[in-house]
Structures are given as structure tokens and as C-alpha cells.
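The chain contents come next:
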Amino acid sequence: MLLITCPSCGVEAEETEFAPGGEAHIVRADTDSSDDDFATYLFDRKNPRGVHFERWRHSFGCGKWFHMARHTHTLEIFGTYGARETAPPQDILDRIAERTEG
């Protein structure tokens, strides 16, 4: 069971209180993009074995969306941060570098 801390309200709770929302930091396809580019935006997602940046929603709490850095193999959570941030904060990147190889 994952213990997740919501960066919006500060509550730490089990993962059942949250809902996953897929890969984070995906840039929406432009309005004049081709059908292939739009299909890529809609359907192509990374599924790495290792560190992954994901969107989550505190569905049984404050209801806010946020991002989380998590290792998909060990399930270690490196940190959470607000959904409006366009890149992971440096402290989370530092924590990832300390705990993983490469």
C-alpha cells in the first residue's frame, strides 16, 4: 500500500484515497496539428521501469490534482508537487539522483 502526501492539503493517506491520472507533464497537441500528432498526444504514453512522473487526484480529500515522482519497480515515492508546476522541483530531482543509478 502506498502512503501518499497531498501537496495541496498536506494529508498523508493510503493510495485508496487517491485516483491515478496517468503520465504527468504531457503537452497538449496544437489545434493545427495533424491527426497523427493528435493521436500520439491522446494514446502514446511512457511506461518505464524506473522513475516516472504521474498525475494523481486526492479524490476522497481536497479533490485537487497534483504530480508525483514514483519508482515503478520499487514503488518508492520521491515526492509530490502541485499540478501547475511544469517541471519537478529540484529537491525531488536531487532525491531521485541520490536514490537511483543514472
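First, a word on scope: everything that follows refers to the structure included in this document. (Residues numbered from 1 in each chain as written. Predicted model: local features only at pLDDT ≥ 70, side-chain atom pairs only at ≥ 80, totals over all residues. Heavy atoms only, no water.)

**Notes on a nonpolar patch on the surface**
Part 1: Together, F38, L42 and F43 line one region of the surface with nonpolar side chains, adding up to about 310 Å² of accessible area.
Part 2: Here F43 shows up in helix α1 (residues 35–43). (Patch = residues over 30% accessible without salt bridge, like charges linked within 9 Å, V, L, I, M, F, W, Y side chains within 5 Å. Areas by Shrake-Rupley, 256 points an atom, 1.4 Å probe, with all protein chains shown as cover. Salt bridge = Lys/Arg side-chain N within 4 Å of Asp/Glu carboxyl O. Helix = DSSP H or I, 4+ residues; strand = E, 2+ residues; numbered from the N terminus.)

**Section: the side chain of H52**
Part 1: With respect to the helices and strands, H52 occurs in strand β4 (residues 51–57).
Part 2: The exposure class assigned to H52 is buried, which follows from its relative accessible area of 11%. (Buried < 20%, exposed > 50% of the residue type's maximum accessible area, 1.4 Å probe, protein only.)

**Here's the deal with the pattern of salt bridges**
Part 1: Applying the stated criterion across every chain, the model contains three salt bridges.
Part 2: Linking E76 and R99 is a salt bridge whose minimum nitrogen-to-oxygen distance equals 3.2 Å. One end of the pair, E76, is in the loop between β5 (65–71) and β6 (77–82); the other, R99, is in helix α2 (residues 90–99), with 23 residues separating them in the sequence.
Part 3: Given the relative accessible area of 55%, R99 is considered exposed.
Part 4: The partner of D91 in a salt bridge is R95, and the shortest N-O contact between them spans 3.6 Å.

**Some words on the packing of aromatic side chains**
Part 1: Using the criterion set out here, one finds two aromatic pairs in the structure.
Part 2: Taken together, a centroid distance of 5.8 Å and an interplanar angle of 85° make the contact between F18 and F66 edge-to-face. With F18 in the loop between β2 (12–14) and β3 (19–23) and F66 in strand β5, the pair connects residues that are 48 residues apart, well separated along the chain. Across this residue pair, the class does not change: F18 and F66 are buried.
Part 3: Taken together, a centroid distance of 5.7 Å and an interplanar angle of 40° make the contact between F38 and Y41 tilted. Remark: Y41 and F38 occur in helix α1; sequence separation between them is three residues, near one turn of the helix.
Part 4: Across from the ring centre of Y41, 6.0 Å away, lies the NZ or CZ of R45, which sits over that ring.
Part 5: The ring of W65 carries the charged tip of R55 above its face, separated from the ring centre by 4.5 Å. (Phe/Tyr/Trp six-rings, centres within 6.5 Å; stacked < 30°, edge-to-face > 60°. Lys NZ or Arg CZ within 6 Å of the ring centre and 35° of its normal.)

**Some thoughts on the environment of R70**
Part 1: One can find R70 in strand β5.
Part 2: On a C-alpha basis, the gap between R70 and I96 in space is 9.1 Å, while along the polypeptide they are 26 residues apart.
Part 3: Not counting the four nearest positions on each side in its chain, R70 is found in contact with L2, G50, V51, H52, E54, L75, E76, I77 and F78. (Contact = heavy atoms within 4.5 Å.)

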